[in-house]
Amino acid sequence: MDHVSRASTSSPRAMASASGSASPRNENGLARDEAENADNEFEYAPEHAREDAMDEDPPQAEDATPPMNLFGALEKQARQGDIHDSPLHTASHETSETQPRTPDVDAESAHSLFNNPPNLSRIRRVLFECRDPIEISLEEFETYWPFIDNVWVKQRSNASKEGHCTTDYYMCRLRRPTHRTSDSRPLPEGKRPRKKRVREGGMCNFQIKVVRFEGAYSTVTIARTPGSSSVHSHDLDYIDRVKRNSGLMESARKESVKGYLPSSIFTKFQEDPEKLHEAGGRFLTVTDVRNVSAKWRIQNPEVKLVPHEGYEYQKGYGIVKSQNADGTNDAAQQKPVQSGSSPLLPPDTLSFPQFPLDFLQPYLPNHSERREFPHVTLSYASSMDSKISLCPGMQTVLSGPEAKLMTHYLRSRHDAILIGVGTVLADNPGLNCRLEGAGGFGGLGRMWQPRPVVVDPMGRWPIHPECRMLRTAVEGKGKAPWVVVSPGAQINPQRLMMLKGYGGDFLRIVEYNQHWRLRWEGVLRALASEGIKSVMIEGGGTVLSELLNPEYTNFIDSIIVTVAPTYLGRGGVGVSPDSKLDQEGKPNAALNPRDVKWTPLGQNVIMCGKIRAQDTP
Ligand SMILES: NC(=O)C1=CN([C@@H]2O[C@H](COP(=O)(O)OP(=O)(O)OC[C@H]3O[C@@H](n4cnc5c(N)ncnc54)[C@H](OP(=O)(O)O)[C@@H]3O)[C@@H](O)[C@H]2O)C=CC1
Ligand SMILES: Nc1nc(O)c(N)c(N[C@@H]2O[C@H](COP(=O)(O)O)[C@@H](O)[C@H]2O)n1
């Protein structure tokens, strides 16, 4: 991550750096001091530096530092730049994304099985990490604590004489050993011994105290105790796997007592993975749902449990959405799924290509190679006169249905899809893979889903929750975008928090070429250091034309162009590198891809070629 400064609010220092004034850079061209010195900036801190800092156990942390409120804790967490994958579900809330709010039932949650309070996944992390003492209202505590209570086991409790103040001491669950059910103690009648996993204690020495003060304004202060480690020895997922929290289980219980089958509740939960994960339910099982309703079922043996309306039991699949004879779906009032094979697929699912795509293989990334820069594929659709749209700002369909499936297949084979801001403004694209089997389209998690990357040096993209990329991310059908900006970009903190909340981010690049354009090796290096091993660059005209220039051809591995049988005319957006003269000054071809293969696909022809010289790194 050393090549990229995580986004900050714009400051005069950042502007100075953008205009080339002296600012000490590291060997990668990064102006570190901008983020580190500026007040009020969201600074990028390398992961290892944060860990080093955490190793030092501040003595008496709970007394030395005044407690901050939840808002402050969230802001600090964001400043430390470590929010990557915790989508908010507050897209429709008009107030600040960072401001914790007490739960309210909005239109969305009225239809949802979840009752997640705002910013839940981030607040769970704050309450898991307890980096700094925090003071929150009793109402906030009671709202959020049930969603994190799986981490903590109460050790002891003290109450003040007047009864206004209670102090509870908790230890991390992994500090406590677990045993098999005692063989010597008789089990209550009808009860089988629990298959409890035996766990040695002492795995984590994290301890906190929770001081509850009840008065005119009731507050709760949460802080590490002096003897505690400064960090857990594991992450939050680990605990979520070991035990489910009671906030999540309460949602399941509430649905159970309506008389629904546990498997139907489980299916409905899985249909909203964003909220499920945010509530700590990544590892929820149907047995968990069954267990939480067991007591109610014993008390109500006459109730015949049923699936939710519009759902039914199907052998081999369990509970699934019912299909009408005509293929339509009652439950979601969806259009028939294009692929028609599974009732659970969203309506925009594309069938996996049934025609051979092996002609692409030599041009695709080989992720086992160790490389400094990602594999770069340029892939776009062009007319016969090398135009990619009818005019700037206008989306133009050039790929036929087969070529479209091929493009989505190509997306699935790359870690990231990159476009310029001109394209995002023109097309408002999804940039996800919608093939059946991809995450959100029948596949697990974000399987096959590439990371959208938008090059937007000045921060012109008015990114908002209704953008397709963010909607796609919220719906679990793709990843949230990373936006590549230059140091001068004006990124206000709310926008930053919003994007981070969806799991996206801003990457600030400070390497320029002589025309004050971002240098592509800087962008590619930043992506590589974020773990991106392959990137498919789709457009638009400015980005593609620039990358086909000699300055960059050593970074481009393959080019895959879908040629459409049409002329878009001179007003179109063209793809064309700068002209080239030979040594005698005579015009020469600007670029000749090698190992070229032409393959007809429906009404299109696909041109595949290689660009980078074979021996370059
Ligand atoms: N047929 C197809 O396959 C495709 C077609 N398209 C079409 O292309 C059109 C958009 O193309 P175009 O308008 O050229 O926009 P682009 O998507 O190429 O974006 C151009 C902008 O990106 C930023 N940018 C690009 N490279 C750099 C760099 N090296 N340094 C700094 N900034 C950079 C600049 O932003 P700034 O101006 O802020 O400095 C620039 O103006 C649309 O009509 C779209 O539909 C797009 C993709 C595929
Ligand atoms: N392969 C291809 N063929 C075309 O005809 C196109 N117009 C494009 N455009 C690119 O695809 C993006 C749209 O993606 P979503 O379908 O919204 O996911 C668009 O922004 C261009 O990058 N590509």
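Predicted model, so just to flag it, every value in this text is computed and none were measured.

### A closer look at the sheet that holds strand β5 (residues 207-213)
Okay, step 1: Read from one edge of the open sheet, five strands run β2-β6-β5-β4-β3, paired in antiparallel fashion. Edge positions in the sheet fall to β2 (134-137) and β3 (152-159), since each of these pairs with one other strand and no more. Geometrically, the sheet is characterised by an average inter-axis angle of 20° between neighbouring strands, direction not taken into account.
Okay, step 2: Examined bridge by bridge, strand β4 (residues 165-172) and β5 share seven bridges and lie antiparallel to one another. Of the residues in β5, the one forming a bridge with Y170 is I208.

### Points about the pairing of strand β14 (residues 505-508)
Okay, step 1: Along β14, one buried face is formed by D505 and L507 and the opposite face, lined by F506 and R508, is buried too.
Okay, step 2: Bridge count between strand β13 (residues 482-485) and β14: four bridges; the pairing is parallel. Looking across to β14, one finds that V485 is bridged to R508.
Okay, step 3: In this fold, the crossover linking β13 to β14 by way of helix α17 (residues 493-501) has right-handed handedness.

### A short note on the site of ligand 2
Okay, step 1: In the vicinity of ligand 2 lie 16 residues, with A381, S399, D427, P429 and G430 positioned nearest.
Okay, step 2: Put simply, the parts of the chain that give the shell around ligand 2 at least two residues each are α15 (421-427) and β15 (534-539).

### With respect to the site of ligand 1
Okay, step 1: What surrounds ligand 1 is a group of 30 residues, the closest being G420, G422, T423, G539 and G540.
Okay, step 2: Secondary structure elements with two or more residues in the shell around ligand 1: β9 (375-382), β10 (387-389), β11 (416-420), α15, β15 and α19 (541-547).
Okay, step 3: When residues in the shell around ligand 1 are grouped by element, the largest group, five residues, is from α15.
Okay, step 4: Looking at the shell around ligand 1 residue by residue, the class counts come to 15 nonpolar, ten polar and five charged.

### Details of unusual backbone geometry
Okay, step 1: Here the residue pair G539 and G540 is connected by a cis peptide bond, since its omega of -5° sits within 30 degrees of zero.
Okay, step 2: Locating G540 in the fold gives a position in the loop between β15 and α19.
Okay, step 3: Within the chain, W448 stands out as a residue other than glycine whose phi angle is a positive 65°.
Okay, step 4: Relative to the helices and strands, W448 is located in the loop between α15 and β12 (451-455).
Okay, step 5: Judged by the 23 C-beta atoms lying within 10 Å of it, W448 falls in the buried class.

### A closer look at the nonpolar core
Okay, step 1: Grouped together as the largest cluster of nonpolar side chains are 76 residues, with contacts concentrated most on V453, V484, V535 and I537.
Okay, step 2: Considering each element in turn, this core owes the most residues, five residues, to helix α18 (residues 520-529).
Okay, step 3: Residues in contact with V484, not counting those within four places in the same chain, are V453, V454, V455, D456, L507, I509 and V523.
Okay, step 4: Ranked by size, the runner-up nonpolar core spans 44 residues in total, among them V126, F128, F206 and V220.

### Considering the packing of helix α10 (residues 246-256) against helix α13 (residues 286-299)
Okay, step 1: As a packed pair, α10 and α13 sit with axes 9 Å apart at the nearest point and diverge in direction by 55°. The angle between α10 and α13 places the two elements in the oblique class. Read as a crossing pair, α10 and α13 show a hand that is right-handed. Residues M249, A252, R253 and S256 of α10 lie in contact with α13, whose contacting residues are D288, V289, V292, S293 and W296.
Okay, step 2: Across the contact of α10 with α13, the residue classes tally to five nonpolar, two polar and two charged.

### Focus on α18
Each α-helix winds once per 3.6 residues, and so residues spaced three or four apart point in a common direction.
Okay, step 1: Burial of α18 is extensive: seven of the ten residues sit out of reach of the surface.
Okay, step 2: Buried within α18 we find W520, G522, V523, L524, R525, A526 and L527.
Okay, step 3: Backbone geometry just after α18 places G531 at a positive phi near 95°.

### Observations regarding the confidence of the model for the protein chain
Okay, step 1: Confidence in the prediction for the protein chain averages 79 pLDDT; 76% of positions are at 70 or higher.
Okay, step 2: The low-confidence segment residues 329-343 (pLDDT under 50) makes 31 contacts with residues lying over four places distant or belonging to another chain.
Okay, step 3: Complex prediction metrics read pTM 0.56 and ipTM 0.99.

### Thoughts on the packing of helix α11 (residues 262-270) against α13
Geometry of a packed helix pair, given as the angle between the helix axes and the separation of the axes.
Okay, step 1: One way to put it is that α11 packs onto α13 with a least axis distance of 9 Å and a crossing angle of 125°. When the axis of α11 is compared with that of α13, the two are oblique. Read as a crossing pair, α11 and α13 show a hand that is right-handed. Of α13, the residues touching α11 (which contributes P262, S263, I265 and F266) are V286, V289, R290 and S293.
Okay, step 2: Each residue belonging to the contact of α11 with α13 can be placed in one class, and the counts come to five nonpolar, two polar and one charged.

Calculation rules
Residues numbered from 1 in each chain as written. Chains lettered and ligands numbered in written order. Predicted model: local features only at pLDDT ≥ 70, side-chain atom pairs only at ≥ 80, totals over all residues. Pairing = 2+ DSSP bridges. Helix = DSSP H or I, 4+ residues; strand = E, 2+ residues; numbered from the N terminus. Axes fitted to C-alpha atoms, helices over the stretch in contact; angles between N-to-C directions. Buried ≥ 20, exposed ≤ 12 C-beta atoms within 10 Å, placed from the backbone. Right-handed = clockwise from strand over helix to strand, strands pointing away. Near = placed C-beta within 6 Å. Nonpolar A, V, L, I, M, F, W, Y, C, P; charged D, E, K, R; others polar. Core = buried A, V, L, I, M, F, W, Y, C linked by C-beta atoms within 7 Å. Contact = placed C-beta atoms within 7 Å. Parallel < 35°, antiparallel > 145°, perpendicular 65-115°, else oblique. Left-handed = near helix turned anticlockwise from the far one by under 90°. pLDDT = per-residue confidence, 0-100.

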